Structure formats: C-alpha cells, structure tokens
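Single-letter residue listing:
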Number of protein chains: 2
Amino acid sequence: MARPLTARQQTVYDFIVKTMTELGYPPTRAEIARALGFRSPNAAEEHLRALDRKGVIRMIPGTSRGIRLPGGSPEGEPAAVDSGLPIVGSVAAGSPILAAEHIDRYCPLPADYFSPRADYLLRVRGLSMKDVGILDGDLLAVHRTQQVRDGQIVVARLEDDVTVKRFQRDGNHVTLLAENPDFAPIEIDLAHQHLEIEGLGVGVIRGDNGSGLG
Amino acid sequence: MARPLTARQQTVYDFIVKTMTELGYPPTRAEIARALGFRSPNAAEEHLRALDRKGVIRMIPGTSRGIRLPGGSPEGEPAAVDSGLPIVGSVAAGSPILAAEHIDRYCPLPADYFSPRADYLLRVRGLSMKDVGILDGDLLAVHRTQQVRDGQIVVARLEDDVTVKRFQRDGNHVTLLAENPDFAPIEIDLAHQHLEIEGLGVGVIRGDNGSGLG
DNA sequence: ACAATGACTGGATACAATCCCAGGCTGTAT
DNA sequence: ATACAGCCTGGGATTGTATCCAGTCATTGT
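How each quantity is defined
Residues numbered from 1 in each chain as written. Chains lettered and ligands numbered in written order. Predicted model: local features only at pLDDT ≥ 70, side-chain atom pairs only at ≥ 80, totals over all residues. Heavy atoms only, no water. pLDDT = per-residue confidence, 0-100. Contact = heavy atoms within 4.5 Å. Core = buried A, V, L, I, M, F, W, Y, C linked by side-chain atoms within 4.5 Å. Buried < 20%, exposed > 50% of the residue type's maximum accessible area, 1.4 Å probe, protein only. Near = heavy atom within 4 Å. Polar contact = N/O pair within 3.5 Å; in protein donor to acceptor, adjacent residues only side chain to side chain. Helix = DSSP H or I, 4+ residues; strand = E, 2+ residues; numbered from the N terminus. Nonpolar A, V, L, I, M, F, W, Y, C, P; charged D, E, K, R; others polar. Buried area = accessible area lost by both parts, 1.4 Å probe. Salt bridge = Lys/Arg side-chain N within 4 Å of Asp/Glu carboxyl O. Pairing = 2+ DSSP bridges.

**Student:** It is not clear to me how the confidence of the model for chain A should be interpreted in this structure. Could you clarify?
**Tutor:** In this model, chain A carries a mean pLDDT of 79, and residues with pLDDT of at least 70 account for 80%. Segment residues 72–82 of chain A is flagged for pLDDT under 50; beyond a separation of four residues in sequence, or across chains, it makes 10 contacts in the model.

Pasting the structure below:
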C-alpha cells in the first residue's frame, strides 16, 4: 500500500530529485545529511529505506550513490490507452477519480503526448485558475502521482472534495493557491487534516464545445 | 580545441551515457574497466581524463561517480508523428501559414476532435489573449475559414503580420480586440487597409513542455 | 632515432560511502 | 500502560572508489 510520504520523507525525496537533475547523479547519505542538517548520515539512511519501502525510490545495495527513481508513478496502473485518454467529469464524494461511472468519454490523444504522461483528463469547473489559463469547462490533463513540488498545478482531494490548485508546502503546512484574486488560498495543517494528492496537471485542452472559441 | 575522440574513447563515452540513462547514475572506474574488459581501473581513469580534457565530460574530483555530461541531460525527443494536425510555429511575412517550412511537427489528434474541424495548430506568441486563457506557447487549433462572426477568436493577417484576436465588425470598420488590458485594440478601415482572415480559433492545447504546468 | 601519445597491466593507498549497532525522543495507536 | 513508527545522534566495521606510481607495448610524427 502506498501510504503517502511524510513531510520529512518528501523533503528527502525532493532533494534527491533536485540533485539528480542538477548534478546528474544521486546524492550520498552524507550529502543528504549535510543538506538537510542531520548530524548523522544514518538519519538519511533511514529515510532512504522508508522511501524504498514506499516504492518511490530504489536502493541498490553496496553501491555508492545507488539510488534510482523508478520510471512511471508508484502504483498507478497505466490507463487504458486503446481508446485514448478517459475524460472525467464531476467526481462523486469519496469515490476514486477513475471509477467507471465518472468517465464521460475518451479523447483520442496518446497518453505520452504530454510529459510526464497524462493518465486522464479532468473537466475543470469554475474559474479559480483562470489566471494560468485554465477556464471553466477546460480539460486538465493529469498525471497520476503523489510526488508534486512547490508551485506545480495539482489535483488534490480535501475532505472528499476534488480541486485543482497550485501547490505549496512548508513542512507540515500546505497551501493550495487559486490563480484568481477572487478566490482565497486554502490552508491545510497536515497534522489535523487529510490531504490526498491525486495527480499533477501536465496539460490543458479546450474547445470541444462546438462553434469556435468566444 | 576539441580534437575528435579516438575510437576507444568513444566506446568509453558511450558506456557512460548508456549507464546514466539506464541506471540513473554514472559508472565508477571499476565498472567501466569491467564492462570494457580492462584489467585495471587505471585504464578507465586515463580515458576519463582524456574525455575531460576534450570537454565531453566533466570530472568532479574526490567524488564517487563524479562524472557529468555538460550541456544538459540527453532527453528522448518525441517520435515525429507524420499524421495528425500540423503544428505551425512562427510564420514568415508574406508566406502562407501552411507552407512546409513553418510546420514544426505534428500533433496526433484527429482534425474532427474539434468542431468545427481544426486544420492546423498555431503556436501562440505573447500574452495578448491571456484573459481568455490563451497563454504564450499555447497551441491554438484553427479552422480555416473566412466566415467569422463578431466576438469570435480569429487568426488574422494584417500587413503580413499574423495575429490572434477577438473579431468585431461594424460595416467597413473592423476592431481586433486583445484580451489583456495591457494591449490596445487594433482598428482597421477596410477601405484603406487589407485584412485577411486566416481562420477561426476552435480550441487550445497546452502542455507539451515537459515537467508539469506551473 | 627520438620523443610524445594512446592504451593498457599491476599494485598500493587513503578517503568515500554503505551499512550495522546502540541508544534517545516524540508522537499515535492499542 | 505498552507497543510501535518516525526521526534523530553517535560510533564503527567493512567495502567501494578515486587516484597515484611504476612499468610495457605499439603507433605516430619529427
């Protein structure tokens, strides 16, 4: 079961990703410890084991810098690609997004047109993200993952409610920012509230309405 | 300058690239030696020095697996699809939009996904239409037609310049409205200026950039 | 003939890095 | 109360790795 990462584990994971993209190779335990302020490399070791257990990284025993980021998201089964990307309309409270009854129709676009790969298209309701060009009725291409970084557009589920917002985390505190001055940010304390990240916004499609934009 | 690599050095370099793309981290001297049949890691060390001298890799002293490939990580480019909608980048003055030299690549989406049918995708530059959710770099799906109505988003050519604007006509007078308070409307007197309507905006696609929206 | 370079073998050393053990502290679940 | 997981300090054994030194052999340019 993919229990979500703890805040600290997420920090470690983020540092690994950052190191690998910036330097081209993964960090050592000592480097992780130094970067996050641990006085012992063992703290990093234990975090790595946890991340490995949860499947977001792979440790290669006995190998220096032996950390791998397995391709694809942790346990997201690849969406049925045959007929294209499923288009999800409104999501009922408490049920998984990709439940069959939510699937409206399919968009004949290959999943890997977007990068990272899109797993489904979510029809966006409301104008809370209009300043980043996501309008009412648009289709948001979503990559299923729990690994999201600050500033990214995410699909989140908060108390059975699915929303699209910009993600920002500070330790145990998460802020979901709208991109529209008419909407207030949503503040979440992870210690007291449950927040589930459903995926990462990777694209937008608009225009199946029928008579041109306007 | 950059003397070309010897055959053996090329082999070593290829192995480094292969290792990094397959494993996610660079090889050690010993691993290179093992892979290429050297009986001493020093042979690998000397090759690495040569590759560093010639600038194709960068060695980080004292660091295990401290090998970097300068000039960005090798990214797999998306396979060129020769079917689907042509994507048009910048359009040279005075030439038809669908001239072959403007076609960047193709988007594997059927033309009739949009309605009315899209004939090509135009990459939009600038933020003049940001208030209707068309941002810089977005792909505008365009239906080729001259029959446009007031209020529609159109692709127009004015004095060899191709722009995307909202269309408004009053007798012989046309106004092309931006959807961004920072941009002034363009006023055109059809009796004195030539305006060509290239098509009607029927959709928007965003998100072929590579790492999520944000 | 000579030096310079590329391509190695073989051996050695010191540090880099993984990984195990023994704790402590704070929560949350049972 | 007790147990357990997450998160951390501190130390230490063992192995992984970078890096140096001393040679050999062939090729190439001078």
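**Student:** For this particular structure, what's the right way to read the nonpolar core?
**Tutor:** If you look at soluble globular proteins, the nonpolar side chains tend to sit buried side by side. With 47 residues, the main nonpolar core has A:Leu109, A:Leu195, A:Ile205, B:Leu195 and B:Ile205 as its most contacted residues. Look past the residues within four positions of A:Leu195 in its chain and what remains in contact with it is A:Ala156, A:Arg157, A:Leu158, A:Phe167, A:Val174, A:Leu176, A:Ile188 and A:Leu190. In terms of nonpolar packing, the next biggest core, distinct from the first, is built from 17 residues, A:Tyr13, A:Ala44, A:Leu51 and A:Ile67 among them.

**Student:** It is not clear to me how the protein's contact with DNA strand C should be interpreted in this structure. Could you clarify?
**Tutor:** With respect to spatial proximity, 21 residues lie near DNA strand C, and among them A:Arg49, A:Gly62, B:Arg8, B:Arg39 and B:Glu46 are the closest. Backbone atoms, meaning sugar and phosphate, make up 71% of the atoms of DNA strand C lying within 4 Å of the protein. Take A:Asn42: an N or O atom from its side chain is 3.4 Å from a base nitrogen of DNA strand C. Separating a phosphate oxygen of DNA strand C from a side-chain N or O atom of B:Arg8 is a distance of 2.8 Å. Of all elements in the fold, only helix H3 (41–53) of chain A together with helix H1 (7–23) and helix H3 (41–53) of chain B reach the threshold of two or more residues within the surface near DNA strand C. Sort the elements by how many residues they give to the surface near DNA strand C and H3(B) lands first, with four residues. Considered class by class, the residues forming the surface near DNA strand C number three nonpolar, 12 polar and six charged.

**Student:** Looking at this model, I keep getting lost on the interface of chain A and chain B. Mind explaining?
**Tutor:** By a widespread convention, an interface's size corresponds to the accessible area lost as its parts come together. With 47 residues of chain A at the interface, the matching set in chain B holds 47 residues. Contact between chain A and chain B buries roughly 3,500 Å² in total, counting both sides, with carbon and sulfur atoms accounting for 53%. Taken together, chain A and chain B are joined by zero salt bridges. Taken together, the links from chain A to chain B amount to 11 residue pairs in polar contact (both at pLDDT 80 or more). Only helix H1 (7–23), strand E2 (67–68), strand E4 (103–107), strand E6 (139–143) and strand E11 (195–206) of chain A provide two or more residues apiece to the side of chain A that touches chain B. A total of seven residues in the side of chain A that touches chain B trace back to one element, the largest contributor, which is E11(A). The residue inventory of the side of chain A that touches chain B, partitioned by class, reads 25 nonpolar, 15 polar and seven charged.

**Student:** Would you take a moment to explain the pattern of salt bridges for this structure?
**Tutor:** The full count for this structure, using the stated rule, is 19 salt bridges over all chains. In this structure, A:Glu179 engages A:Arg166 in a salt bridge whose closest nitrogen and oxygen atoms are separated by 2.8 Å. With a gap of 13 residues between them, A:Glu179 in the loop between strand E9 (173–177) and strand E10 (186–189) and A:Arg166 in strand E8 (residues 161–170) connect regions that are remote in the sequence. One exposure class covers both A:Glu179 and A:Arg166, and it is buried. For B:Asp138, the salt bridge goes to B:Arg206, with nearest N and O atoms at 3.0 Å.

**Student:** Honestly, the pairing of strand E3 (residues 85–88) of chain B in this entry has me stumped. Any pointers?
**Tutor:** Consecutive residues of a regular strand have side chains that alternate between opposite faces of the sheet. Residues and elements named next belong to chain B. Side chains Leu85 and Ile87 of E3 all project onto a buried face; the interleaved residues Pro86 and Val88 project onto the opposite face, where all are buried too. In this sheet, strand E5 (residues 120–123) lies alongside E3 in parallel orientation, the contact comprising two bridges. Looking across to E5, one finds that Val88 is bridged to Leu122.

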